[in-house]
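Observations on chain architecture
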Amino acid sequence: MPLGANTLAVALLIAGAAGIVRGVTGFGGAMVMSPPLALLLGPRLTVPVVLVLESIVAAPMLLHTHTLVNWRLMGAILLAACVCVPLGTLVLVSLEPQLMRRAIALTVIVFAVILLIGWRYSGRQRLSTSVGLGALSGAMLGATSVGGPPVILYLLSGPDPVATTRANLTLYVTIASLAGLAALWYQDVFDVPAVVASLWLAPTYYFGLIAGTRVFPRLSDARFRQLTLLLLIAVSTGIVFA
């Protein structure tokens, strides 16, 4: 679908805000973008656009973080996620757009609330748990573009330092999003309109991401996350009933 001037302006603001949040917190770009863009552009266009921004545009962050990755842990998660991403894309192309839009918003609400109250996974990081979690996250990513929150909750419970956890999340989002784009291309969802919309929004998202990483040392990370999650819950709730 061609983007009108007003639609494009709003989409650019959303992408810029998402980039800032991703730069400050290390995650949350898809959670910020997906619900309002699904309302603005429709789910079938939103999901590939978000995955482009979360993978290709944010990939340079890996240059600074790849040496910190816990490869043994992330290998199992990513393998399971990539295998199950196509299951999510089948859901995306099968359900009605309005139902998918509300499903995306509800997914964000559920995990925003969980993150806000500070719940953490309390079990051990076993191989079976990592594979199951990766499968769930991959299916969620393929269907809604929001696959990161389960992995976030899982990684935050582990013994790795904060820098390693941020590196693990950056790797997961990039690789799983690329797998999602491949599955969407196979389903003819990642098409020319999605590429064009991604090209329009990519610079704003990237500059927002850079701005977020630069202002990060000046902000209270915990307070910023709380305010962002509260905003996500409010916006997504409105979208559910829109």
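Note: the structure precedes this text.
Throughout what follows, the structure given in this document is the object of discussion.

When you go through the protein chain residue by residue, the secondary structure sums to 11 helices and zero strands. When the elements of the protein chain are put in sequence order from the N terminus, they spell out α-α-α-α-α-α-α-α-α-α-α. In terms of overall dimensions, the protein chain is globule-like: its C-alpha atoms have a radius of gyration of 16 Å, near the 18 Å expected for 242 residues. Expressed as lengths along the three principal axes of its C-alpha atoms, the size of the protein chain is roughly 50 × 40 × 35 Å. Per-residue burial for the protein chain yields a buried fraction of 51% across its 242 residues. Contacts in the protein chain between residues far apart in sequence, at least 24 positions, make up 87% of those at least 6 positions apart.

Here helix 7 (residues 127-144) contains 18 residues, and its C-alpha end-to-end distance of 26 Å stays within 8% of the 26 Å for a straight helix at 1.5 Å per residue. Of all the residues in helix 7, the buried ones are Ser130, Leu133, Gly134, Ser137, Gly138, Met140, Leu141, Gly142, Ala143 and Thr144. Tucked into the core, helix 7 has its buried residues touching helix 2 (29-41), helix 3 (43-57), helix 5 (71-94), helix 6 (97-117), helix 8 (148-156) and helix 9 (162-186).

Before going further, it helps to examine the nonpolar core. Soluble globular proteins tend to pack their nonpolar side chains together in the buried interior. Among the nonpolar cores identified, the biggest contains 68 residues, and Ile77 and Tyr172 are the most heavily contacted of them. The dominant element in this core, judged by the number of residues it contributes, is helix 9, at 10 residues. Every residue in contact with Ile77, bar those within four places of it in the chain, is listed here: Ser130, Leu133, Gly134, Val151, Tyr154, Leu155 and Tyr172.

With that settled, the discussion passes to unusual backbone geometry. Of note in this structure, Ser145 is not a glycine but carries a positive phi near 75 degrees. Structurally, Ser145 can be placed in the loop between helix 7 and helix 8. The buried category is assigned to Ser145, whose relative accessible area is 3%. Residue Asp188 is not a glycine yet carries a positive backbone phi of 65 degrees. Here Asp188 shows up in the loop between helix 9 and helix 10 (192-215).

Bringing the packing of aromatic side chains into the picture now. When we look at a pair of aromatic rings, we describe it by the centre distance and by the angle of the planes. Tallied over the full model, the rule gives one aromatic pair. With a centroid separation of 6.0 Å and an interplanar angle of 65 degrees, the aromatic rings of Tyr206 and Phe207 are classed as edge-to-face. Overall, the relative accessible area of 59% leaves Phe207 in the exposed class.

All right, on to the pattern of salt bridges then. Applying the stated rule across the entire model yields one salt bridge. For Arg22, the salt bridge is made with Glu54, and the minimal N-O distance between the two is 2.8 Å. Of the two residues, Arg22 is situated in helix 1 (residues 5-25) and Glu54 in helix 3; the sequence distance between them amounts to 32 residues. The pair Arg22 / Glu54 is uniform in exposure class, with both members buried.

Positionally, Ala81 belongs in helix 5. Ala81 sits in the buried class, given a relative accessible area of 0%. Residues Ala81 and Trp200, 119 residues apart in the sequence, show an inter-C-alpha distance of 28 Å.

Once that is clear, we can look at helix 8. Most of helix 8 sits out of view: eight of its nine residues are buried. Gly148, Pro149, Pro150, Val151, Ile152, Leu153, Tyr154 and Leu155 are the residues of helix 8 that are buried. The inward-facing, buried residues of helix 8 contact helix 2, helix 5, helix 6, helix 7 and helix 9.

It is worth spelling out the packing of helix 5 against helix 7 at this point. Between two packed helices, the angle of one axis relative to the other and the distance separating the axes together describe the packing. Running from N to C, helix 5 and helix 7 cross one another at 35 degrees; their axes reach a closest spacing of 5 Å. Seen along the crossing, helix 5 lies across helix 7 with a hand that is right-handed. Every residue of helix 7 that contacts helix 5 at Leu73, Ala76, Ile77, Ala80, Ala81, Cys84, Val85, Gly88, Thr89, Val91 and Leu92 is listed here: Leu127, Ser130, Val131, Leu133, Gly134, Ala135, Gly138, Ala139, Leu141, Gly142 and Ala143. Of the residues contributing to the contact of helix 5 with helix 7, the split by class is 16 nonpolar, six polar and no charged.

With that settled, the discussion passes to the environment of Ala17. Relative to the elements of secondary structure, Ala17 occurs in helix 1. Residue classification places Ala17 among the partly exposed positions, given a relative accessible area of 35%. Separated by 187 residues in the primary sequence, Ala17 and Thr204 place their C-alpha atoms 8.9 Å from one another.

Rules of the game
- Residues numbered from 1 in each chain as written.
- Predicted model: local features only at pLDDT ≥ 70, side-chain atom pairs only at ≥ 80, totals over all residues.
- Heavy atoms only, no water.
- Helix = DSSP H or I, 4+ residues; strand = E, 2+ residues; numbered from the N terminus.
- Rg over C-alpha atoms; globule rule 2.2 N^0.38 Å.
- Buried < 20%, exposed > 50% of the residue type's maximum accessible area, 1.4 Å probe, protein only.
- Contact = heavy atoms within 4.5 Å.
- Expected span 1.5 Å × (residues − 1).
- Core = buried A, V, L, I, M, F, W, Y, C linked by side-chain atoms within 4.5 Å.
- Phe/Tyr/Trp six-rings, centres within 6.5 Å; stacked < 30°, edge-to-face > 60°.
- Salt bridge = Lys/Arg side-chain N within 4 Å of Asp/Glu carboxyl O.
- Axes fitted to C-alpha atoms, helices over the stretch in contact; angles between N-to-C directions.
- Left-handed = near helix turned anticlockwise from the far one by under 90°.
- Nonpolar A, V, L, I, M, F, W, Y, C, P; charged D, E, K, R; others polar.

Function cannot be read off these values alone, since they describe shape.
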